[in-house]
Number of protein chains: 2
Amino acid sequence: MPIPYHKRTHRCGEPNASDIGQNVRLAGWVHATRDHGGLAFVDLRDHTGLVQLQFNPDHYADGHKIAQALHNEDVIAVEGKAVSRGDRVNPKLATGEIEVQVDAIEVLSEASPLPFQVNDEFDASEDACLRYRFLHFRRPEVQEVFRLRHRVGRAIREYFNAEGFVEIETPFLTKSTPEGARDYLVPSRVRPGSFYALPQSPQIFKQLCMIGGFDRYAQIVRCFRDEDLRADRQPEFTQLDMEMAFVQRDDVMAAVEGCVKRIFKDGLDLDIKTPLPQMSEREAVERFGIDRPDTRYGMELQDITELVGDVELPMFREAIQARGVVKCMVAKNATSLTRKILDGLNEEVIGIDGPGLPYTKMTDGEGGATFSTGIAKFVKPIQSALCEQVGAEVGDVVFFMPGRTHTEAGKFLHPVRTKLATLLDVIPKDRWDLLWVVDFPLVEWDEDEQRWFSMHHPFTAPLDEDIPKLESDPGSVRAKAYDLVLNGVEMAGGSIRIHRHDIQQQVFKLLGISEEEASAKFQFLLDALRFGAPPHGGIAFGFDRWIMMLTGAESLREVIAYPKTARAVCPMTDAPGPVAEDQLEELGLKLNLPKKD
Amino acid sequence: MPIPYHKRTHRCGEPNASDIGQNVRLAGWVHATRDHGGLAFVDLRDHTGLVQLQFNPDHYADGHKIAQALHNEDVIAVEGKAVSRGDRVNPKLATGEIEVQVDAIEVLSEASPLPFQVNDEFDASEDACLRYRFLHFRRPEVQEVFRLRHRVGRAIREYFNAEGFVEIETPFLTKSTPEGARDYLVPSRVRPGSFYALPQSPQIFKQLCMIGGFDRYAQIVRCFRDEDLRADRQPEFTQLDMEMAFVQRDDVMAAVEGCVKRIFKDGLDLDIKTPLPQMSEREAVERFGIDRPDTRYGMELQDITELVGDVELPMFREAIQARGVVKCMVAKNATSLTRKILDGLNEEVIGIDGPGLPYTKMTDGEGGATFSTGIAKFVKPIQSALCEQVGAEVGDVVFFMPGRTHTEAGKFLHPVRTKLATLLDVIPKDRWDLLWVVDFPLVEWDEDEQRWFSMHHPFTAPLDEDIPKLESDPGSVRAKAYDLVLNGVEMAGGSIRIHRHDIQQQVFKLLGISEEEASAKFQFLLDALRFGAPPHGGIAFGFDRWIMMLTGAESLREVIAYPKTARAVCPMTDAPGPVAEDQLEELGLKLNLPKKD
């Protein structure tokens, strides 16, 4: 019989003991059905939870018959009375003290046999979960991911609103942006042969907002990168983008810290202490081998160059002769690291073009603690000095890494450190280590292309005191840049921007961007810098990645409602797809497919 | 001298009499400079307003020299003391009781000669305002437009959040949507020869969110249409999109009314009375000639078919013989409508393929009030009956329009009514007439293509009682659709959607969409309707248009930060632009430009 399903008295997760004796009207999905001693039971589900419906053939014969014929995921509306379950209370359910004795049922929509069950724990393949996204959405744990995403998005917007930031919508059909990755192109029909680019970030537009006097801007915005296929990248991703005028680094960082506090509070009800710690990029690389260190655990890299001057190991000698470094890392209580595991780590280092992974173990020998196995015989002469400096004890494994620079040694030791942390289970649970990394180099030298590249992007300002070195010693110029790192993952990156036309041109020159190229790509920014640009700076957060970290998801696909696969395909809509030839003709294009072999 | 500009004590619009005697630190743009009797004055501007700076050569000789050399739009920071202006108070400024006696100045950024002045009232062409968008942004009235846009966006999101709606981000790289306009295409590099489409709306995705159990969804989202060039369209526009499960029409309309109340409150501090009035599409067309009537003024269309049965005017006779209608419209006190104006209106009606615009005037003749001029001689026989029915008096002009249907007569009379309202200045100021138009036909017949088209879109549900007529009399089937109209402008359109697989297939069939086509385009929706779809419905608001109405802007370009021209070009970045041939090759494309004559 027709039920006014649009006037629900409760959501499914709401009725409880205080409703006993009351009439309720509910609507939702059939989560499960059971038949017990003549009574039919249905678990009715919506986004708030489950409630048990009871159909009694003596009380409501027609309803009982309908209930017996229900399938999982049928959509129904019911009216009935909340009654006590007596001693059959289900403590796992918020509604577990009651059930609804149904007086009326309407089947609003029938479900065909399902590709996978909603009430099972993820029995379905990821492909099925992407293809039948609407079924996947119905799972309570998936609902919670997207409701957290909603809460965090709101938290961010409300925070910035309260701080006087204005949301300005930047364009999607625009010009190539200089973020380094490939742009997605959009052919113009009105100007055949011309193309828009989808933005990799609103970088220049937000700078223009500052130059336009908006003072503070924040936007949660989609960005696009046509990157080569990598495990956990998405062609479109969401960024929190903000910018402030008349600021220096500390002002932006303080604003971000307020936002992060709010994210943790509204997202997970956690209180984060601010101000957050800061570390220079140099210190991060020296201590952790990387500019986004995971500081939740130790196992830091230590510089033992001065100790190993006389060690007769060729790879150490080479490093020292090349004025390089020798680093070491102590894995405490690491007796579980078998030869096989250690060989595997060695192979992995070689696999990323490293020199292998020299190590030794500290064992309980006859004459007391002693190095054994690995390169023991080479380092025994310095054993006591080494152990004193790096704190190695019996049961520890000591790893070594020579390198031309701290960066190079770190490049090979950091992945080992990360791997060992998991193997040795040294990462504390439920710990949120937030860290600012600052004082990045402005540019880095690319050996292959034999030129300087921006560490961040070409609009990043150098430290004032380093400006004189822009020409004489570019590699030593530090940037007014800052990255926010959470548990070893880069969560946000930003900088103070160049607001002076002459400095911007100098940096373009350093990067090998000719005046013609600069004019073709960035004339509007150069114009803007000439017509009264205030000092300004900002930051961009990877919003999807924040949600991934907060929910503990293992992939970006879990936190994006309608994601693409690693091959940039949507299994649900099957996008991208073919288009009609006349559509292409209208765009002044034709296919030019590579010939198949 | 260096000034810590990032620690401003006030924004420029803030210092007032209560600050007299205090030290202040300010930063902003030079809005204007003046030299008076040895003192130099600078109006310093930021987004909050203006403050007067005073440079006294006796007090601060260096600063006075710098001030004399300043140009408009230079960016400066200053420190000084707020002092009383005495009898030189400027009542137009919030800061007008004080000025700042400057002790220190730093020029942060110099401005070259400007393409146009910021402190002038819009002397610049629209093209210049688009090209130098950052200069245009600095104008206080432009700042206010975007700050209102921010407030209204926030109002909408906060309203829906409080009502339990979840923001879900829908994809931008997706499949063609069935909105009728052309899609923008995005070539895939990973699947050469395949294309994504940018969404014209998130219609299907939001329906899938409802089928996925999210219960209530709202998103402010960019949409894209590659439309033919029209005066005030934008290739990308912003939409407020929402959807609710387990609802009927009234529920969606009530939710929208709450949102609209909030928009007016937060946007303009106005209280709007709800519930809003409703009118059927039929009544709107009969009374106003259009389905989005401007109800701020009268001049309604009246049906005089029964009165004019014996009038010897061929165009009336034809309409009556064709079982059509004759409508009339009375312009009160319209003596200012000269022959020239009336001829012009006649031409305009002919210009849109109408039959011309028969009229007569009610004048004070010898024997009392009498029709004269125009078609007076034809309608004199029914003068008294006509005047009584339509309320024509001396000084009025009566317009006539025959038509095969009310819709046809309305098509020609509605533009006349709109034009007359302006000519006769009958539109009350500051009036916000909100109106729901409901009971639209589900489909309309297209004579050219000889087939039925959806009035809204193919997912709109028919009224339950009209479902049996889907096959027998489709033209009479009404839809569960609703449009929200403000002062004669369509502001939002929505409907209850089809949630039954069989009805959806029936509607596809009616629209001439074959099973193959439906499967190719909408298989994922058809799947979803088979796996437990709740009743659902929603609405989409044109967000840009709301901002345009609220700010009284004359073009969408005024309310979009970085808009395109009518030729879909961004004059600032010059997007769209050419791309390198190898970029196209990577996409499996080559140019195929039409040959120039």
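Heads up: these notes are all about the structure in this document.

Conventions and cut-offs
Residues numbered from 1 in each chain as written. Chains lettered and ligands numbered in written order. Predicted model: local features only at pLDDT ≥ 70, side-chain atom pairs only at ≥ 80, totals over all residues. Heavy atoms only, no water. Least-squares fit on C-alpha atoms with pLDDT ≥ 70 in both. Buried < 20%, exposed > 50% of the residue type's maximum accessible area, 1.4 Å probe, protein only. Helix = DSSP H or I, 4+ residues; strand = E, 2+ residues; numbered from the N terminus. Pairing = 2+ DSSP bridges. Contact = heavy atoms within 4.5 Å. Buried area = accessible area lost by both parts, 1.4 Å probe. Salt bridge = Lys/Arg side-chain N within 4 Å of Asp/Glu carboxyl O. Polar contact = N/O pair within 3.5 Å; in protein donor to acceptor, adjacent residues only side chain to side chain. Phe/Tyr/Trp six-rings, centres within 6.5 Å; stacked < 30°, edge-to-face > 60°. Lys NZ or Arg CZ within 6 Å of the ring centre and 35° of its normal.

Another point: the relation of the copies chain A and chain B. Of the transformation placing chain A onto chain B, the axial shift is 0.0 Å and the rotation is 180 degrees, giving an RMSD of 0.1 Å. Each copy turns onto its partner about a two-fold axis. Taking C-alpha positions as reference, the residue of chain A nearest the rotation axis is V186 of chain A, located at 2.5 Å.

Let us look at the pairing of strand β21 (residues 536-542) of chain B. All names here are of chain B. Counting buried positions along β21 gives six out of seven residues, so the element sits mostly inside the fold. Pairing of strand β20 (residues 489-496) with β21 involves five bridges; the strand directions are antiparallel. Each residue of the ladder has a partner; that of G494, found in β21, is I539.

Reports of interface size often rely on the accessible area that becomes lost once the parts have come together. On the side of chain B, 121 residues touch chain A, which itself brings 121 residues to the contact. Note on chain A versus chain B: buried area summed over both sides is about 11,000 Å², and carbon and sulfur give 57% of it. When the buried area of chain A at its contact with chain B is split by residue, E169, F246 and F531 of chain A rank highest and sum to 8% of it. Taken together, chain A and chain B are joined by 22 salt bridges. R189 of chain B is the salt-bridge partner of D226 of chain A, the closest N and O atoms lying 3.0 Å from each other. Our count for the contact surface shared by chain A and chain B stands at 75 residue pairs in polar contact (both at pLDDT 80 or more). Broken down by element, the side of chain A that touches chain B gets its largest block of residues, nine residues, from helix α4 (residues 140-162) of chain A.

Here the bond from A575 of chain A into P576 of chain A is cis, since omega is 0 degrees, no more than 30 degrees from zero. For P576 of chain A, the position within the fold is in the loop between α16 (543-551) and α17 (581-586). A cis amide bond, omega -5 degrees, links T274 of chain B with the succeeding residue P275 of chain B. Topologically, P275 of chain B is positioned in the loop between α6 (249-268) and β10 (278-280). Residues other than glycine seldom take positive phi values, yet D430 of chain A does so here, at roughly 55 degrees. Residue placement: D430 of chain A occurs in the loop between α12 (406-423) and β16 (434-438). With relative accessibility at 74%, the residue D430 of chain A sits in the exposed group. Positive phi, close to 65 degrees, is recorded for A568 of chain A, a residue that is not glycine.

On inspection of all chains with the given rule, the structure shows 49 aromatic pairs over all chains. Seen from their ring centres, F508 of chain A and F522 of chain A are 5.2 Å apart, and the 20 degrees between their planes marks the pair as stacked. On the criterion of sequence distance, the pair formed by F508 of chain A in helix α14 (residues 501-510) and F522 of chain A in helix α15 (residues 515-530) is long-range, its members being 14 residues apart. With relative accessibility at 2%, the residue F508 of chain A sits in the buried group. Aromatic ring contacts, followed pair by pair, group F137, F146 and Y562 of chain A together with F205 and F214 of chain B into a single cluster. Taking NZ or CZ as reference, R451 of chain A lies 3.7 Å from the ring centre of F453 of chain A, over its face.

That is the geometry; function is a separate question.
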